[in-house]
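Analysis of the macromolecular model
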Amino acid sequence: MDGHATDTFDVAELVPGFRPPPQPAPAQDDAQLAAADARMRHWRWSADGPLVPGSDRHGDATCRMFRDTFNPYRPAVLDWPVLEPAVRDRIVALPIWDIAVQTEGKARLRMAAYAGTLRDPVMRDALALNAWEEQRHKDVLARMVAAYGIELAPEPVQHPPRDPEWGYLVTGYSECIDSFFAFGLFEMARRSGLFPPALVDTFEPVMQEECRHILLFANWAAWHRARLSFLRRVRFEAKVAAVWAFLAWERIGLARAMDADGARTHDNNFTLHGAQSVADDGVGVRDLLALCLAENDRRFAGYDERLLRPRAVPRLARLALRLSKPFGWRR
């Protein structure tokens, strides 16, 4: 196993007192795996009544959801299927692996750094668990690229952000954007046959875990802003606006790193590139957005409807679909 899968990152170094969840024995039967998968996808809080953002009930329900839906799968025992050479070559060629591994590395560090600043012990533990799961995602990806011989660029050294809240907001809203499109691209890869059923089954827990992550983030953001004083709320909203501006700037390609020859060293705007890579006959913008919306709704459907969902990207996608009709964008 290469260094990507064997790094020594430890959430407890940034969140003192955090204890990783207990790991199951390597051998689990199908019934145990199915039960864990079902728990991850379906959750409802037992208490009746509304969950008012910022209330103790809302915070408790948010953290309880995240804890109760934890899936104890172990990356070391995931079964990476043998792929046909043509399928393997297409997967290796996808322009996403470097940034995917590096993004998980940034996410775990930023989430842990921010969790370590929180006074509320329950929310702190939930965000620390989120960081631990991001570390597990990085482990999954590293083991996959090793299994299929995917070469990665050297991974830059990551340092904790100087402003932990800014780092967490950038990571959280980035995941809300990227997960929305990843849900659709993953389903597109399944339908096209690029990801054979065995590989889909192996990666599926990671995809659903991303749904849990952005559900946690959306409810944390609402809970956090509702508890701020007026002046702190104004500063927070200004910071959120700045984060969205930064992410928009990043994703339209105006802030890409360039190497000495002027080539892109990475591409944060890989959604449409990935769509063309996983679809045999290409894909229209409207088809992609419609599929992403359908998959987004499907993945969130099992969670208590009183918990807030990420709304910005789905709303923009629906607006784009409505506005695209008069212009006849290709489906």
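Just above, that's the structure.
One structure accompanies this document, and this report is about it.

Here is what the cut-offs are and how they apply
- Residues numbered from 1 in each chain as written.
- Predicted model: local features only at pLDDT ≥ 70, side-chain atom pairs only at ≥ 80, totals over all residues.
- Heavy atoms only, no water.
- Salt bridge = Lys/Arg side-chain N within 4 Å of Asp/Glu carboxyl O.
- Helix = DSSP H or I, 4+ residues; strand = E, 2+ residues; numbered from the N terminus.
- Buried < 20%, exposed > 50% of the residue type's maximum accessible area, 1.4 Å probe, protein only.
- Phe/Tyr/Trp six-rings, centres within 6.5 Å; stacked < 30°, edge-to-face > 60°.
- Lys NZ or Arg CZ within 6 Å of the ring centre and 35° of its normal.
- Core = buried A, V, L, I, M, F, W, Y, C linked by side-chain atoms within 4.5 Å.
- Contact = heavy atoms within 4.5 Å.
- Expected span 1.5 Å × (residues − 1).
- Arc of directions from axis to C-beta.
- Axes fitted to C-alpha atoms, helices over the stretch in contact; angles between N-to-C directions.
- Parallel < 35°, antiparallel > 145°, perpendicular 65-115°, else oblique.
- Nonpolar A, V, L, I, M, F, W, Y, C, P; charged D, E, K, R; others polar.
- Left-handed = near helix turned anticlockwise from the far one by under 90°.

Moving on: the pattern of salt bridges. One pass over the full model with this rule turns up 21 salt bridges. Arg 44 is paired through a salt bridge with Asp 304; the nearest N and O atoms lie 3.5 Å apart. On the criterion of sequence distance, the pair formed by Arg 44 in the loop between helix H1 (30-41) and helix H2 (56-68) and Asp 304 in the loop between helix H10 (285-300) and helix H11 (312-324) is long-range, its members being 260 residues apart. The salt bridge partner of Glu 155 is Lys 138, with a shortest N-O separation of 3.3 Å. Linking Glu 155 in the loop between helix H5 (121-147) and helix H6 (164-192) with Lys 138 in helix H5, this pair joins segments that are 17 residues apart in sequence. For Glu 155, a relative accessible area of 25% corresponds to the partly exposed category.

Attention now moves to the packing of aromatic side chains. Summed over the entire model, instances satisfying the criterion amount to 14 aromatic pairs. On the numbers, 4.9 Å between centres and 80° between planes, the contact of Tyr 168 with Trp 220 is edge-to-face. With Tyr 168 in helix H6 and Trp 220 in helix H7 (residues 197-226), the pair connects residues that are 52 residues apart, well separated along the chain. Both residues of the pair, Tyr 168 and Trp 220, count as buried. Through successive ring pairs, a cluster of aromatic residues spans Tyr 114, Tyr 168, Tyr 173, Phe 217, Trp 220, Phe 236 and Trp 244. The residue whose ring lies beneath Arg 212 is Phe 66, and the NZ or CZ to ring-centre distance is 4.2 Å.

Before going further, it helps to examine the nonpolar core. Core analysis: the biggest nonpolar cluster contains 81 residues, and Leu 127, Phe 195, Phe 203 and Trp 220 have the highest contact counts within it. Looking at this core, the elements with two or more residues in it are H2, helix H4 (97-115), H5, H6, H7, helix H8 (230-251), H10 and H11. Excluding residues within four positions of it along the chain, Trp 220 makes contact with Tyr 114, Met 123, Leu 127, Tyr 168, Leu 169 and Phe 236.

All right, on to H8 then. Taking 1.5 Å per residue as the helical rise, H8 with its 22 residues ought to reach 32 Å, and the 32 Å between its terminal C-alpha atoms agrees with that figure. Of the positions making up H8, those classed as buried are Phe 236, Val 240, Val 243, Leu 247, Glu 250 and Arg 251. Along the axis of H8, the buried positions cluster into a sector of 90°, meaning they face one direction only. Counted as exposed and oriented over 90 degrees from the buried face of H8: Phe 230, Leu 231, Arg 235 and Ala 238. Residues of H8 that are buried sit in contact with H6 and H7.

Let's shift gears to the packing of H6 against H10. At a minimum axis distance of 8 Å, the contact between H6 and H10 shows a crossing angle of 105°. Viewed along their axes, H6 and H10 adopt a mutual orientation that is roughly perpendicular. Each of Phe 180, Phe 181, Phe 183, Gly 184, Leu 185, Phe 186, Glu 187, Met 188 and Arg 191 in H6 lies in contact with H10, whose residues at this interface are Leu 288, Leu 289, Leu 291, Cys 292, Leu 293, Glu 295, Asn 296 and Arg 299. Across the contact of H6 with H10, the residue classes tally to 11 nonpolar, 2 polar and 4 charged.

Right, let's talk about the packing of H6 against H7 for a bit. H7 packs onto H6 with a crossing angle of 145° between their chain directions and a minimal axis gap of 9 Å. Note that H6 runs across H7; the crossing there is left-handed. Classifying every residue of the contact of H6 with H7 gives 15 nonpolar, 4 polar and 6 charged.

Shape is all these values report; function is a separate question.
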